[in-house]
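# What the coordinates show
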Amino acid sequence: MRYIVKCGDAKTTYISGGVFVSNGRWTHPKMTLNDYELVVVLKGRFWMKIGGMKKEFQEGDCFLLFPDEEHYGIEGAWDVSFYWLHFQIQGEEVIEGERHILPVIRQMSEQDSDCSVLNERCHPEEMVQLIILINQLLYYQSLYKKTEAPVRPCDIMMEMVLYELAQVTRKINLEKLRIESLDNGTEMDKIYDYIRANCYKNLQIAEVARQFGYNPQYFIRMFRRKSGQSPKQYMIQQQIQQAKYLFATTSLKITEVAEQVGMSDVRAFSKRFKKYEGISPSEYRKAFHKTHYNSR
């Protein structure tokens, strides 16, 4: 496993990206890049040889292809789709092997460093925010591709995609270090996970409090003190995030999206969505309709 260490002064430049959807049987062509490529697998399973090593990828995997390294598919695959994003980083450091990166990660966590680490490969438990950011990036690409305007917005969005990916890999890497969070942080992570997993099921705050052995009023105060917001606000945010993901990746009607995120009243859903995002659900869907697809 290789790791990219990216600090505050490292510059990210976006090159191009899109969504690949296979038409029938598909094998990745042989190529060597002069930049990085981030691949986020949405559907299917396929096999590649990267730097002489056979690797298997499947739905939910995120992996990086490195510059100047030959890669190609070695077996045909069916019904494959994935996001692909080409980018460059200036000033990064590539570290090989877990035993070399873990001391670096430990030092970064102790010193509150502005550096981040990107794993060559990971399988996030939660990809909603990552998918939303990628769709926003591809939307900006569609806007600036046909104009003379500077493409800096795409660079900024690519930076945000990498930041989100780094947050995912940070959690994975910290678990490897077996670093226990201070100030009850481990339990808060469990509370966040519980709310994210159940907020689409008409979840009640009192139910969450009981699940973790708290008095409801004390739980609300404790949650606000540790997170800066109420549990209800956090729950709504998760519902809105899931709604954005569904708008960006499906053709479900607004009423269907509202139901899937646990808001049966579509008028209340639309009102909350506009409050949090600044635009209506229909305007949001229209804004991210121009995604670049390719099948070659």
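In this report, we go over the structure that sits alongside the text. (Residues numbered from 1 in each chain as written. Predicted model: local features only at pLDDT ≥ 70, side-chain atom pairs only at ≥ 80, totals over all residues. Heavy atoms only, no water.)

## Quick look at the overall build of the protein
For the protein, the helix and strand inventory stands at ten helices and 13 strands. Radius of gyration (C-alpha) of the protein: 21 Å, near the 19 Å computed for a compact globule of 296 residues. With respect to the three principal axes, the spread of C-alpha positions in the protein is 60 × 45 × 40 Å. Every one of the 296 residues in the protein was classed for burial, and the buried ones make up 45%. Sequence-distant contacts in the protein: of pairs separated by 6 or more residues, those separated by 24 or more amount to 74%. Taken as a whole, the protein presents about 16200 Å² of accessible surface, with 47% of it coming from carbon and sulfur. With 40 positive and 37 negative side-chain charges, the protein shows a spacing of 7 Å between the two charge centroids. (Helix = DSSP H or I, 4+ residues; strand = E, 2+ residues; numbered from the N terminus. Rg over C-alpha atoms; globule rule 2.2 N^0.38 Å. Buried < 20%, exposed > 50% of the residue type's maximum accessible area, 1.4 Å probe, protein only. Contact = heavy atoms within 4.5 Å. Areas by Shrake-Rupley, 256 points an atom, 1.4 Å probe, with all protein chains shown as cover. Lys, Arg positive; Asp, Glu negative; His and termini not counted. Charge placed at Lys NZ, Arg CZ, Asp CG, Glu CD.)

## Describing the state of the cysteines
Using the criterion set out here, one finds one disulfide in the structure. For Cys7, the disulfide goes to Cys115, at an S-S distance of 1.9 Å. Where Cys7 bonds to Cys115 through sulfur, the torsion about that S-S bond is close to 95°, and the disulfide is right-handed. Placement of the pair is Cys7 in the loop between strand S1 (2-6) and strand S2 (11-21) and Cys115 in the loop between helix H1 (98-111) and strand S11 (116-119), with a sequence separation of 108 residues. (Disulfide = S-S within 2.5 Å.)

## Considerations on the nonpolar core
Of all hydrophobic cores here, the largest spans 31 residues; its most connected members are Val40, Leu85 and Val161. Elements with a contribution of two residues or more to this core: S2, strand S4 (36-43), strand S7 (62-65), strand S9 (81-90), helix H2 (128-144) and helix H3 (152-177). No other element matches H3, which puts eight residues into this core. Among residues more than four places away in sequence, those in contact with Leu85 are Tyr14, Ser16, Gly17, Tyr36, Glu37, Leu38, Ile134, Leu137, Leu138, Met158 and Val161. With 16 residues, the next largest nonpolar core counts Met188, Cys199, Ala209 and Phe223 among its residues. (Core = buried A, V, L, I, M, F, W, Y, C linked by side-chain atoms within 4.5 Å.)

## Comments concerning the environment of Asn135
You can see Asn135 is positioned in helix H2. Between the C-alpha atoms of Asn135 and Met157, which are 22 residues apart in sequence, the distance is 9.8 Å. Within the structure, the side chain of Asn135 is placed 2.9 Å from the backbone oxygen of Ile131, a separation counted as a polar contact. (Polar contact = N/O pair within 3.5 Å; in protein donor to acceptor, adjacent residues only side chain to side chain.)

## Details of the packing of aromatic side chains
In the structure shown here, the tally under the stated rule is 23 aromatic pairs. Considering the side-chain rings of Phe273 and Tyr284, the 5.6 Å spacing of their centres and the 75° angle between planes classify their relative orientation as edge-to-face. Taken as a pair, Phe273 in helix H9 (residues 266-277) and Tyr284 in helix H10 (residues 281-287) lie far apart in primary sequence, eleven residues in all. Here Phe273 and Tyr284 have matching classes, each one buried. The positively charged end of Arg2 is found above the aromatic ring belonging to Phe66, 4.0 Å away from the centroid. Note that Lys30 overlies the ring of Tyr72, its terminal NZ or CZ placed 4.9 Å from the centroid. (Phe/Tyr/Trp six-rings, centres within 6.5 Å; stacked < 30°, edge-to-face > 60°. Lys NZ or Arg CZ within 6 Å of the ring centre and 35° of its normal.)

## A closer look at the packing of helix H7 (residues 231-249) against H9
As a packed pair, H7 and H9 sit with axes 10 Å apart at the nearest point and diverge in direction by 95°. The orientation of H7 with respect to H9, classified from their angle, is roughly perpendicular. Between H7, through Lys232, Gln233, Ile236, Gln237, Gln239, Ile240, Ala243, Lys244 and Phe247, and H9, the contact on the second element is made entirely by Phe269, Arg272, Phe273, Tyr276 and Glu277. Tallied by class, residues from the contact of H7 with H9 come to seven nonpolar, three polar and four charged. (Axes fitted to C-alpha atoms, helices over the stretch in contact; angles between N-to-C directions. Parallel < 35°, antiparallel > 145°, perpendicular 65-115°, else oblique. Nonpolar A, V, L, I, M, F, W, Y, C, P; charged D, E, K, R; others polar.)

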